[in-house]
Amino acid sequence: MTHILHRQLRGALPTAAGGHGIVIVDANGNEYLDASGGAAVSCLGHGHPDVVAAMHAQIDRLAYAHTSFFTTAVAESLADHLIGHAPSGMSHVYLVSGGSEAIEAALKLARQYFVEIGEPQRRHFIARRQSYHGNTLGALAVGGNAWRRAQFAPLLIEVTHVAPCYEYRDRRDGESPEAYGERLAHEIEDAIERLGPRNVIGFVAEPVVGATLGAAPPVPGYFRRIREICDRHGILLIADEVMCGMGRTGTLYAVEQEGIAPDLAAIAKGLGGGYQPIGAVLVQQRIIASLERGSGFFQHGHTYIGHPVACAAALAVQQVIERDRLLDAVKTLGAQLAQRLRAVFGGHRHVGDIRGRGLFMAIELVEDRETRQPFDPALRLHARIKAEAMARGLMVYPMGGTIDGRSGDHVLIAPPFITTPAEIDEIVRRLAAAVDAAIAAVARQKTPA
Ligand SMILES: Cc1ncc(COP(=O)(O)O)c(C=O)c1O
C-alpha cells in the first residue's frame, strides 16, 4: 500500500535503490541501463563523484538562503558560467526549479517586457502543435499536445498553434526541405497577420522537439526564417531548450545549430542532470535593459529560485561537461548511436523513421512502412515497448500520440554523455529485442489463436 499519488494509480513501480554510471539498480538488485536519462535528464549518469562532492560541500557551507534577502556565490558562479557559454546577446539568467517553471517565467517576462516598453496591447503567444512545454497552466497552454491539454482546456490562456516541423510526415512528395520550411514560415506569418503583428508577444518552440514528436529536428533555414519574421514584427522568439539543450544534441544549445540566437531560452533537465531540481531562463541584454529603465524588477518569484544546492549541482554538471569535453563525446557517441540504429532498424518493417541529433535520437513505429500508417492507438504499442525494455533491463522513453496527440508511437533514446561505445551497442541490442517482443505481442492480440 502506497500513500504516494503516483503518476498512475494502477500498477506497481520498481523501487530505485541505487545508481552508478548509466545504471539504476532497483531494490531487488535488478539493473537497468538508463538509455533515456529518465526523460533526457541524467546527462552525467548516476552518482557522478564530482557532482556529489560539490553538493556535499555546498550543504556543509549553506543549504538555503531566500533570494529576497541574499544572493549566493554559487548562484552567481552558475549564472557567470551559463552566460559565458550562452547564445549571443544573453546577459542574465533567471534561476528556477524545473522546466515548467522556466517556461512560466519566460512567458511572464516576455509579457512584462512589452508592458515596460509601452506596448501593453501585446497579449498573444504563438506556439506549435505536437510540442510539450510543461504541465503548469501557462506551459500547458502554449504546449501543443492535444491529449495533455484536452480536459484542462477551459483553464488555459488562448494560444494560437501552428504546424510543427515534422519532416517525416508533413513534407510533401517533391517538396525540398527548404521549401517545406518556407511553407511553415508562411503559416506563422499568416497567424501573425490574423492576430495583428503588434498584438503578438512571442513565438515559442522547441528547436528539436522532444517528448511529443520524438527528437524531431527542424529543416534547414526554418529557424532563420522564424528569427527574421519575429524581428520584422518585434515579436520575441522563445526557445524551449528544456529537453534538447545543455549539450544533448552536440552543441550546448540546440538552436546554435540553426545559426540564430533566441530572445529567451528556457533550460532545465540537463542543466542539473537530475542531481537537483533546477531550471533557468536566459535573457537577452535588451530585455533586461528595458526592465532596468522601467520598473526595475521582474514581477515573479518562487521560494526556491536560485537554491544554493541546486546551483552547486548544476555548476558542477556544467563544469564536468566542459572539463571532460563531453560535447565532443555527444557528437561521437551520437554518430555511433545513429549508425547502430540505422543498422538495426533501417530495414525494419515497422520502423518508419530514425531521426535526431547527437545523443537525442528516436525511432517512429509504423504498422506499414509504405503508407506510414501508424499502429492502432488502442494497442498502446509504446507502453508495451517500455515494459518489454524494462523487462530487459533497459530504460528508454517511448510515447504515443506522435502524429496528432492520439495516433503514432515513437521511442526516444537519450543516454548520458558518459555512456561507453560498448554500452551504446548494448542499448540498441536490447531495444531491438524489446521492440520485436512488443510488436509480436501486438500481432498476437490482433490475430487471437
Ligand atoms: C521541452 C520541454 N519543456 C518543458 C518541460 C517541462 O519540464 P518539467 O517537467 O521540468 O517541468 C519538458 C519536460 O519534459 C520538456 O521536455
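Residues numbered from 1 in each chain as written. Predicted model: local features only at pLDDT ≥ 70, side-chain atom pairs only at ≥ 80, totals over all residues. Heavy atoms only, no water.

*Asks:* How would you summarise the overall build of the chain if you had to cite specific residues and measurements?
*Replies:* Counting its secondary structure elements, the chain contains 15 helices and 15 strands. For 449 residues, the compact-globule formula gives about 22 Å, and the C-alpha radius of gyration of the chain, at 22 Å, lands near that figure. C-alpha atoms of the chain, sized along the principal axes, occupy 70 × 55 × 45 Å. Burial analysis of the chain (449 residues in total) assigns 56% to the buried set. In the chain, the share of contacts with a sequence separation of at least 24, taken over all contacts with a separation of at least 6, comes to 72%. For the chain, the computed accessible surface area is about 19,300 Å², with 54% contributed by carbon and sulfur atoms. Put simply, the chain has 44 plus and 47 minus side-chain charges, and the middle of one group is 4 Å from the middle of the other. (Helix = DSSP H or I, 4+ residues; strand = E, 2+ residues; numbered from the N terminus. Rg over C-alpha atoms; globule rule 2.2 N^0.38 Å. Buried < 20%, exposed > 50% of the residue type's maximum accessible area, 1.4 Å probe, protein only. Contact = heavy atoms within 4.5 Å. Areas by Shrake-Rupley, 256 points an atom, 1.4 Å probe, with all protein chains shown as cover. Lys, Arg positive; Asp, Glu negative; His and termini not counted. Charge placed at Lys NZ, Arg CZ, Asp CG, Glu CD.)

*Asks:* How would you summarise the sheet that holds strand β15 (residues 409-413) if you had to cite specific residues and measurements?
*Replies:* With antiparallel pairing, the 4 strands of this open sheet are ordered in space as β11-β12-β15-β14. The sheet is open, and its two borders are formed by β11 (351-357) and β14 (397-400), each paired with just one other strand. Each neighbouring strand pair of the sheet contributes to a mean axis angle of 20 degrees, computed without reference to strand direction. Helix α14 (residues 381-391) rests against β12 (360-365), β14 and β15 of the sheet, and its axis sits at about 165 degrees to β14. (Pairing = 2+ DSSP bridges. Axes fitted to C-alpha atoms, helices over the stretch in contact; angles between N-to-C directions.)

*Asks:* Give me the site of the ligand: which residues, what numbers.
*Replies:* Neighbouring the ligand are the residues G98, G99, S100, Y132, H133, G134, E206, D240, V242, M243 and K269. Between the ligand and the protein, one listed contact pairs a nitrogen atom with a backbone N or O atom of Y132 at 3.4 Å. Here an oxygen atom of the ligand sits 2.9 Å away from a polar atom, N or O, in the side chain of K269. Protein contact buries 82% of the 390 Å² of open area that the ligand shows by itself. For the shell around the ligand, a count of residues per class yields 3 nonpolar, 5 polar and 3 charged. (Near = heavy atom within 4 Å. Polar contact = N/O pair within 3.5 Å; in protein donor to acceptor, adjacent residues only side chain to side chain. Nonpolar A, V, L, I, M, F, W, Y, C, P; charged D, E, K, R; others polar.)

*Asks:* Go over the environment of R111, please, and point to the residues and values.
*Replies:* Tracing the backbone through its elements, the reader meets R111 in helix α4 (residues 99-116). Here R111 falls in the partly exposed class, since its relative accessible area comes to 30%. Here the alpha-carbon distance between R111 and R122, two residues 11 residues apart in the chain, equals 7.4 Å. Residues in contact with R111, not counting those within four places in the same chain, are P120, R122, R123 and I201.

*Asks:* So what about the confidence of the model for the chain? Which residues, and what values?
*Replies:* Of the residues in the chain, 100% reach a pLDDT of 70 or more, and the chain-wide mean stands at 97. When pLDDT is averaged over each helix and strand of the chain, the minimum, 91, is found for helix α6 (residues 146-149) and the maximum, 99, for strand β9 (residues 264-267). (pLDDT = per-residue confidence, 0-100.)

*Asks:* Please give an account of unusual backbone geometry that cites residues and values.
*Replies:* Across residues other than glycine, the phi torsion is negative in most instances, and most of the peptide bonds are trans. Its identity as a non-glycine residue notwithstanding, R372 has a phi of 65 degrees, on the positive side. Locating R372 in the fold gives a position in the loop between β12 and α14. On the basis of relative accessibility, which here comes to 34%, the residue R372 falls in the partly exposed class. Phi is positive for R380, close to 50 degrees, though the residue is something other than glycine.

*Asks:* Describe the environment of M361, naming the residues involved and giving the relevant values.
*Replies:* Summarising the element assignment, M361 is placed in strand β12. Its relative accessible area of 2% is what places M361 among the buried residues. When the C-alpha positions of M361 and S91 are compared, they lie 31 Å apart, and in sequence the two are 270 residues distant. Those residues within four positions of M361 in sequence are excluded, and the remaining contacts are A215, L337, A338, L341, I354, R355, G356, V411, L412 and I413.

*Asks:* Any chance you could break down helix α13 (residues 326-345) for me, citing the residues and the numbers?
*Replies:* Look at α13: 27 Å from first C-alpha to last across 20 residues, which is about the 28 Å you get at 1.5 Å a residue. Taken together, the buried positions of α13 are occupied by L326, A329, V330, L333, G334, Q336, L337, A338, L341 and F345. Looking at the packing, one finds that the buried side of α13 touches α12 (308-323), β11, β12, β15 and α15 (421-446). (Expected span 1.5 Å × (residues − 1).)

*Asks:* Summarise the packing of aromatic side chains; cite the residues concerned and give the values.
*Replies:* One pass over the structure, following the stated rule, counts 4 aromatic pairs. Aromatic pair Y64 and Y304: ring centres 5.9 Å apart, planes at 65 degrees, arrangement edge-to-face. Taken together, the residues span a long stretch of sequence, with Y64 in the loop between α2 (49-61) and α3 (73-84) and Y304 in the loop between α11 (285-293) and α12 at a distance of 240 residues. Judged by relative accessible area, which is 51%, Y304 ranks as exposed. It is R148 that lies over the ring of Y132; its NZ or CZ is 4.1 Å from the centre. (Phe/Tyr/Trp six-rings, centres within 6.5 Å; stacked < 30°, edge-to-face > 60°. Lys NZ or Arg CZ within 6 Å of the ring centre and 35° of its normal.)

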